[in-house]
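Structural description and commentary
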Amino acid sequence: APYVVQGEGERLVLGAGDRLYVRGVLTDNQSFNIVRKGALYVDPETREVLGLEATYIGLGRAVSQADDIATLHIASSREEAQIGDRILPTEERRVDSTFFPSAPAVDTHGQIISVFGGVTQVGQYDVVVVNRGEREGIAVGNVLAIYKRGALARDRIANETIRLPSERAGLMMVFRTFEKLSYALVLVRQRPLSVNDEVRNP
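Calculation rules
Residues numbered from 1 in each chain as written. Predicted model: local features only at pLDDT ≥ 70, side-chain atom pairs only at ≥ 80, totals over all residues. Heavy atoms only, no water. Helix = DSSP H or I, 4+ residues; strand = E, 2+ residues; numbered from the N terminus. Buried < 20%, exposed > 50% of the residue type's maximum accessible area, 1.4 Å probe, protein only. Contact = heavy atoms within 4.5 Å. Pairing = 2+ DSSP bridges. Axes fitted to C-alpha atoms, helices over the stretch in contact; angles between N-to-C directions. Core = buried A, V, L, I, M, F, W, Y, C linked by side-chain atoms within 4.5 Å. Phe/Tyr/Trp six-rings, centres within 6.5 Å; stacked < 30°, edge-to-face > 60°. Salt bridge = Lys/Arg side-chain N within 4 Å of Asp/Glu carboxyl O.

**Section: the environment of Gln-6**
Note that Gln-6 resides in strand β1 (residues 3-7). On the accessibility criterion, Gln-6 (34% relative accessible area) is partly exposed. Between the C-alpha atoms of Gln-6 and Asp-28, which are 22 residues apart in sequence, the distance is 19 Å. Contacts of Gln-6, omitting those with residues within four sequence positions, involve Leu-20, Tyr-21 and Ile-83.

**Re the sheet that holds strand β9 (residues 109-115)**
In space, the six strands of this closed barrel follow the order β9-β11-β16-β15-β12-β18, with antiparallel pairing throughout. Averaged over all pairs of adjacent strands, the angle between their axes in this sheet comes to 45°, without regard to strand direction. Strand direction decides the pairing type here: strand β12 (residues 143-148) and strand β18 (residues 198-200), joined by three bridges, are antiparallel. Of the residues in β18, the one forming a bridge with Ala-145 is Arg-200.

**Quick notes on unusual backbone geometry**
A positive phi angle is found at Asp-67, which is not glycine, with a value near 55°. Tracing the backbone through its elements, the reader meets Asp-67 in the loop between β5 (49-66) and β6 (69-77). Among the residues examined, Asp-67 registers a relative accessible area of 75% and is labelled exposed. Look at Asn-196: it is not a glycine, yet its phi comes out positive at around 85°. Mapped onto the secondary structure, Asn-196 falls in the loop between β17 (193-194) and β18.

**Digging into the nonpolar core**
In this structure, Val-128, Ile-146, Met-172 and Val-199 are the most contacted members of the largest nonpolar core, which totals 15 residues. Of all the elements in the fold, those that place two or more residues in this core are β9, β11 (127-130), β12, β15 (167-177) and β16 (182-189). If one sorts the elements of this core by residue count, β15 sits on top with three residues. With residues up to four places along the chain from it excluded, the contact list for Val-199 reads Thr-108, His-109, Gly-110, Gln-111, Ile-112, Val-130, Leu-144, Ala-145, Ile-146 and Met-172. Val-4, Ala-62, Leu-72 and Ala-81 belong to the second-largest nonpolar core, a separate cluster that totals 14 residues.

**Let's talk about the packing of aromatic side chains**
Within the structure shown, the criterion is met by three aromatic pairs. A ring pair is formed by Phe-116 and Tyr-183, whose centres lie 5.1 Å apart and whose planes are at 85°; its orientation type is edge-to-face. Remark: Tyr-183 occurs in strand β16 and Phe-116 occurs in the loop between β9 and β10 (121-122); sequence separation between them is 67 residues. Judged by centre distance (6.3 Å) and plane angle (45°), the rings of Phe-175 and Tyr-183 are tilted. Per residue, the accessibility class of Phe-175 equals that of Tyr-183, and both read buried. The structure contains a cluster of three or more aromatic residues connected by ring pairs, namely Phe-116, Phe-175, Phe-178 and Tyr-183.

**Some words on the pairing of strand β14 (residues 160-163)**
As paired strands, strand β13 (residues 152-155) and β14 are joined by four bridges and run antiparallel to one another. Residue Ala-153 lies in a different strand from β14, and its bridge partner there is Ile-162. The turn joining β13 and β14, which pair antiparallel and follow one another in sequence, is formed by four residues; a positive phi near 60° is taken by Asn-159.

**Quick look at the pattern of salt bridges**
On inspection of all chains with the given rule, the structure shows 11 salt bridges. One salt bridge in this structure joins Asp-197 and Lys-148, with 3.6 Å as the shortest N-O distance. On the criterion of sequence distance, the pair formed by Asp-197 in the loop between β17 and β18 and Lys-148 in strand β12 is long-range, its members being 49 residues apart. Classification of Lys-148 by relative accessible area gives partly exposed; the value is 23%.

Honestly, that's just the spatial picture; any functional story needs more than this.
Below, the structure is given as structure tokens:
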């Protein structure tokens, strides 16, 4: 993707109202998202890369192009734009405001692999990332039960370590799906939750 090489006046940090220079070809007068590389999501079981999060920085409009250097005017920003930030086309897909709760059409077993906000503990109304997506039959509106993963315990008689059974601990609803993962909102939390807890059909 095109990327920021420098700011107007050789500035390193830029915000709304500033211009920046981008290496790559941008169509004049079109809007573009300014994003920064975020978390890499990896399936904890298979080690498959599920996706790379692009953190939204701001919105810009291409104003000119000279060879492979484009000039972008920052229309709005959530954070300061920096050298190395990427420029992506604005996405038309929006989050629906109306949901129809339903159970997944297929038997689902997955895990919470991340929670927004850079923490590991999960609370009610937190947004979490689940390692199941459209290819596993997950759809917007699907409700999933959250199971607190069983702790490891030492069996002193058999002299081995065992994992205790998982216990139901809450409910979540999927509001955005991608091919390999989904975003969900925790609706009910009956006991402390954390990353790596399990999700299943309700």
